[in-house]
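Listed here are the chains, written in short residue letters.
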Amino acid sequence: MKKMKKRLVALGLAVAVAVPMGGSVFAQRIVAEYNPGATASTGGSSGGTSGIVAPPSTSSAWKLSQNSVSLKVGQTSSVSLTDATGQVVNPGTSQSQFSNAFVYQNGVLVSAPLENAPADSSSPLVSDIVWTSSDESVATVQNGVINAKKLGRTVITATASDGTSSSCVAHVALKGVDVSTHQKNINWSAMKAQGIDFAMIRTGYGWENWETQKDAFFEANYAGALQNNIKVGAYHYSYATTADEAKKEAEFVLNILNGRSLDFPVAFDIEDKCHSNLSPAQVSEIVRAFCDTIEAAGYDSAVYSFTNFYNAKLTDPMLNIYDKWVAQWSISNPTYTGNFTMWQYGKMSMPGVVEGNSSVDVNYCYYDYAGILNESQGGTISAASYQK
């Protein structure tokens, strides 16, 4: 049966490159349509909440070594200070002496300051750095060491005594992949060893021919993930242009699932070129037809798309009752400003994925759908709560 639960939902941010699920050519076309001149890029690293954005560094002499950092609840991670050349420094000299500062590489001192380097009283010591976290319930920071407390995002800021500062976003999240026939046979044991917590598995696409449009690797992926204690959800790539077609797609999905239990939602992947000429009202009807059919069968539902499609087409407030999975790559923070629980932040090569398309889409989840964490470690991110 459908879980009844109270959710604290992650809030998004502003605008950037659109991302297709599974590398769809149609999705790449839609990227260009909604983001002229943009391309569906690969790679990326780090992810998202609402109103969370790291301001640019205000110092030309130093900055933090990373724009973002990801870690799991209970983990720690360090961020360093770097000089203008990108070298990590020991912040014990004035900013004007950074080129002569103690420089470490992999913890080994490789360069020391000039013995009689003149002090510059006009430049504050970077050793006066004050570290702060914008949300200490998510993560705290002390001397550049971040300690993750619960799922969410927080801005980590280092501020010098002269007021100059540099920030990065810390993402405390469950880590997942989304997979399909594009990856072919997957070594799920190797995926688990990489710290993967969950997998969103494609059921198929469209609805016209159930025999040929079911994902050929759904059964193997579902079984392989569960056998390796990786929590599972599903997604279905949509070609529906009417509510009736969307309902047929949902019925197709339910036939494929055949009563199987899922830890994560069934996501409606709406991003195809066939949706580009539909109005927001038409798109809303399609989404609601699919998601309501899925939920009537006892599963949680969610909506997957890229940021620009959300901003252009998925604008009906009636859609706010569904969880959102936002795709946006090559950026340290998603710019979508609505509520969301998952962020697809890029694609990367990973041990365990060696056939077919040897790279795999990677995701952060800010809501503990599967109860992986205990209650004290948080349900997810900030703001809006609702019953479902």
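Up top you'll find the structure we're talking about.
J.: Residue-level account of the pairing of strand E19 (residues 323-327), with values.
T.: The element E19 is extensively covered by neighbouring structure, given that five of its five residues are classed as buried. With respect to chirality, the unit in which strand E18 (residues 301-306) leads through helix H7 (residues 307-312) into the neighbouring parallel E19 is right-handed. Sheet topology places E19 next to strand E21 (residues 342-349); three bridges connect them, and they run parallel. Across the sheet, the residue bridging to Trp 325 is Met 342, located in E21.

J.: Provide a residue-level description of the packing of aromatic side chains, including the pertinent values.
T.: According to the stated counting rule, one finds 16 aromatic pairs in the structure shown. An angle of 15 degrees between the planes, with centres 5.4 Å apart, marks the rings of Trp 210 and Phe 252 as stacked. Pair noted here: Trp 210 is in helix H3 (residues 210-213) and Phe 252 is in helix H5 (residues 243-257), with a separation of 42 residues, a long-range link. Note on Trp 210: relative accessible area 37%, which makes it partly exposed. Assessed through its relative accessible area of 1%, Phe 252 is described here as buried. Linked through ring pairs, Phe 198, Phe 264, Tyr 367 and Tyr 369 together constitute an aromatic cluster. Sitting over the face of the ring of Tyr 222, Arg 260 holds its NZ or CZ atom 5.2 Å from the ring centroid.

J.: Now, about the pattern of salt bridges: what can you tell me, with residues and values included?
T.: Scanning all chains against the criterion turns up six salt bridges. Salt-bridge contacts for Lys 248 lead to Asp 244; the nearest nitrogen and oxygen are separated by 3.5 Å. With Lys 248 and Asp 244 both in helix H5, this residue pair falls four residues apart, about one helical turn. The exposure class assigned to Lys 248 is partly exposed, which follows from its relative accessible area of 34%. Accessibility expressed as a relative area gives 47% for Asp 244, which makes it partly exposed. If you follow the salt bridges from partner to partner, you end up with Lys 214, Glu 219 and Arg 260 in one network.

What counts and how
Residues numbered from 1 in each chain as written. Predicted model: local features only at pLDDT ≥ 70, side-chain atom pairs only at ≥ 80, totals over all residues. Heavy atoms only, no water. Buried < 20%, exposed > 50% of the residue type's maximum accessible area, 1.4 Å probe, protein only. Helix = DSSP H or I, 4+ residues; strand = E, 2+ residues; numbered from the N terminus. Right-handed = clockwise from strand over helix to strand, strands pointing away. Pairing = 2+ DSSP bridges. Phe/Tyr/Trp six-rings, centres within 6.5 Å; stacked < 30°, edge-to-face > 60°. Lys NZ or Arg CZ within 6 Å of the ring centre and 35° of its normal. Salt bridge = Lys/Arg side-chain N within 4 Å of Asp/Glu carboxyl O.

These values are about where atoms sit, not about what they do.
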